[in-house]
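# Fold and geometry: a report
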Amino acid sequence: MLEKIILQRNTILLLGGLAIFGGAMSVLADIYSAYLPNLAMSTATSVSLDSVANILSAKSHEDHLVGSTLGQFFIPFHIFGWLLLFLALAPANMTLRLLVLVFSVYITIIGASLHASLLYAGAIARSGEQKIVNQVGEFFNITSYTLVAGVVIFGCVVAFLILSRRSLYPRWVVLISPLGYLMITTLIVAALPVTSQSISAFITATGFNLPCTLLHIATTVVLLRQSKQPEENS
């Protein structure tokens, strides 16, 4: 019953629109919080406080205030997209689909929490108090690497379901899924010359929210096409 309601065209447009808008705002949050054209993370998964302290300390309090606010209030919008993902995985086992949904919501909550904390992490990094940086880093690193592990696990499961045709997605969508995007952009960053550091910085700073947003766009398109089929067959 719930699936029939969500599969209605207007509902798909609403949930997809909210997910895409929230994703775009989340990418903007990444830019405010962690993007500097002259400083790049080595990869999107290099997320320990020590690894990003130089970037955080170079950002202003005002940028972090905007970035953390956007992240806290708009990263949760990804959940609208995960509801649609649940439907797009229709050929898969119901239990597996529910597990993917619950897990994706769980890591989204962790992501919003981590992003909001960048305001505090940035202030601490700017203080230059290494002892405090180390103390805060103990918790920051647990949270950040839990998020990385969660995204990788989520990405592997979604990629497997797409490639094994247990979803409504065409197989090429795996390239813009979180796992495919991370693998491709990691190779791109490694191949880019030092002069292209601004591109590397953008890719790594937006390494999680951007692929999730791309997946929301693909999910919305796939489900809109699926919702037309009953009409065309009638």
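Located above this text is the structure these notes cover.
Structure report, in brief. (Residues numbered from 1 in each chain as written. Predicted model: local features only at pLDDT ≥ 70, side-chain atom pairs only at ≥ 80, totals over all residues. Heavy atoms only, no water.)

Here helix α4 (residues 61-74) contains 14 residues, and its C-alpha end-to-end distance of 20 Å stays within 8% of the 20 Å for a straight helix at 1.5 Å per residue. Inspection of α4 places His64, Gly67, Ser68, Leu70, Gly71 and Phe74 among the buried residues, and these make up the whole buried set. Projected down its long axis, α4 shows its buried positions confined to an angular sector of 165°, all on one face. Along α4, the residues that are exposed and aim more than 90 degrees away from the buried face are Glu62 and Phe73. Its buried side turned inward, α4 meets α2 (9-34), α3 (49-58), α5 (78-88), α6 (94-116) and α7 (118-127). (Helix = DSSP H or I, 4+ residues; strand = E, 2+ residues; numbered from the N terminus. Expected span 1.5 Å × (residues − 1). Buried < 20%, exposed > 50% of the residue type's maximum accessible area, 1.4 Å probe, protein only. Arc of directions from axis to C-beta. Contact = heavy atoms within 4.5 Å.)

Further remarks concern empty space enclosed by the protein. Using the criterion set out here, one finds two cavities of 30 Å³ or more in the structure. Roughly 520 Å³ of internal volume is contained in the largest cavity. Surrounding the largest cavity, 28 residues form its lining, Asp30, Leu114, His115, Leu147 and Phe208 being those nearest its centre. Elements with a minimum of two residues in the lining of the largest cavity: α2, α3, α5, α6, α8 (130-163), α10 (197-205) and α11 (209-233). In terms of residue count, α6 provides more of the lining of the largest cavity than any other element does, six residues in total. Broken down by class, the residue content of the lining of the largest cavity amounts to 18 nonpolar, nine polar and one charged. (1 Å grid on protein atoms, 1.4 Å probe; cavity = no way out; pocket = protein on both sides within 12 Å on 5 of 7 lines; lining within 4 Å. Points joined across faces, edges and corners; volume = space filled by probe spheres on them. Nonpolar A, V, L, I, M, F, W, Y, C, P; charged D, E, K, R; others polar.)

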